[in-house]
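Okay, here's what each chain looks like letter by letter:
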Amino acid sequence: MAQLITLAEAKEFLKIDFNDEDALLDRLITQATVIMQRKYQRDLIQATYTDEEYNGEGHDLLFVRNFPIQTVTSLKVNDVALAPSEYTVSKSTGIIKRRSGYFPEGWGNIKVSYTGGFPPDDPALESFKNECLLLVADLFEGRGA
């Protein structure tokens, strides 16, 4: 799992210039990253997802979990690939819209392969990183309580 912040960023924020707490800080960064992902109900760091399953709900919109979407490499409905001309992608919101027709109802009948989440150099990721730094600081400072 990719962490939202680095050990160096956490140490700089906490003004720690020794290595005694590195293992603990690394665990706290992982814990804070998981908390953030649960809070926002998605992965925030860019990753590639292959055949991520969704349930068709009988309408023309599909809401992909890990937005923003960078690219969609494959979209299958009932294991039949749709051509890119058959749908549009709102990259910022993670919404895929069928140009005509709908996504039929079914359990796990839609599979999407895509790259989603924020690239590491995306300025939009900074507010999430700052929130993660604050959370690591709270976890670190409250560790003895």
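Below, the structure is looked at part by part.

Section: the overall build of the chain
The number of helices and strands found in the chain is three helices and seven strands. Mapped from its N terminus to its C terminus, the chain presents α and β elements in the order α-α-β-β-β-β-β-β-β-α. Whereas a compact globule of 145 residues would reach a radius of gyration of roughly 15 Å, the chain reaches 19 Å, over 25% beyond that. With respect to the principal axes defined by its C-alpha atoms, the chain has extents near 60 × 30 × 20 Å. The buried share of the chain, reckoned over its 145 residues, is 39%. Across the chain, every contact between residues at least 6 apart in sequence was considered, and the portion connecting residues at least 24 apart equals 76%. Here the chain has roughly 8,400 Å² of accessible surface; of this, 52% comes from carbon and sulfur atoms. Charge separation in the chain, taken as the distance between the mean sites of 15 positive and 22 negative side-chain charges, equals 4 Å.

Considering the nonpolar core
With 20 residues, the main nonpolar core has Leu-4, Ile-5, Leu-14, Leu-44, Leu-125, Cys-132 and Val-136 as its most contacted residues. Of all the secondary structure elements, the ones that give two or more residues to this core are helix H1 (7–14), helix H2 (22–40) and helix H3 (126–141). In this structure Ile-5 touches Ala-10, Ile-29, Lys-129, Cys-132, Leu-133 and Val-136, once residues within four positions along its chain are discounted. With 15 residues, the next largest nonpolar core counts Tyr-54, Val-72, Leu-82 and Ile-110 among its residues.

Quick look at the sheet that holds strand E1 (residues 47–56)
Strands sit in the order E1-E7-E3-E4 across an open sheet of four strands; the sheet is antiparallel. Each having just a single partner strand, E1 and strand E4 (80–81) make up the two edges of the open sheet. Bridging between E1 and strand E7 (residues 106–116) involves seven bridges; their strand directions are antiparallel. Considered in E7, the bridge of Gly-56 is made with Gly-106.

Overview of H3
The first and last C-alpha atoms of H3 sit 22 Å apart over 16 residues, in line with the 22 Å expected at 1.5 Å per residue. Within H3, burial applies to Phe-128, Lys-129, Cys-132, Leu-133, Val-136, Ala-137 and Phe-140. Contact partners of the buried residues in H3: H1 and H2.

Calculation rules
- Residues numbered from 1 in each chain as written.
- Predicted model: local features only at pLDDT ≥ 70, side-chain atom pairs only at ≥ 80, totals over all residues.
- Heavy atoms only, no water.
- Helix = DSSP H or I, 4+ residues; strand = E, 2+ residues; numbered from the N terminus.
- Rg over C-alpha atoms; globule rule 2.2 N^0.38 Å.
- Buried < 20%, exposed > 50% of the residue type's maximum accessible area, 1.4 Å probe, protein only.
- Contact = heavy atoms within 4.5 Å.
- Areas by Shrake-Rupley, 256 points an atom, 1.4 Å probe, with all protein chains shown as cover.
- Lys, Arg positive; Asp, Glu negative; His and termini not counted.
- Charge placed at Lys NZ, Arg CZ, Asp CG, Glu CD.
- Core = buried A, V, L, I, M, F, W, Y, C linked by side-chain atoms within 4.5 Å.
- Pairing = 2+ DSSP bridges.
- Expected span 1.5 Å × (residues − 1).

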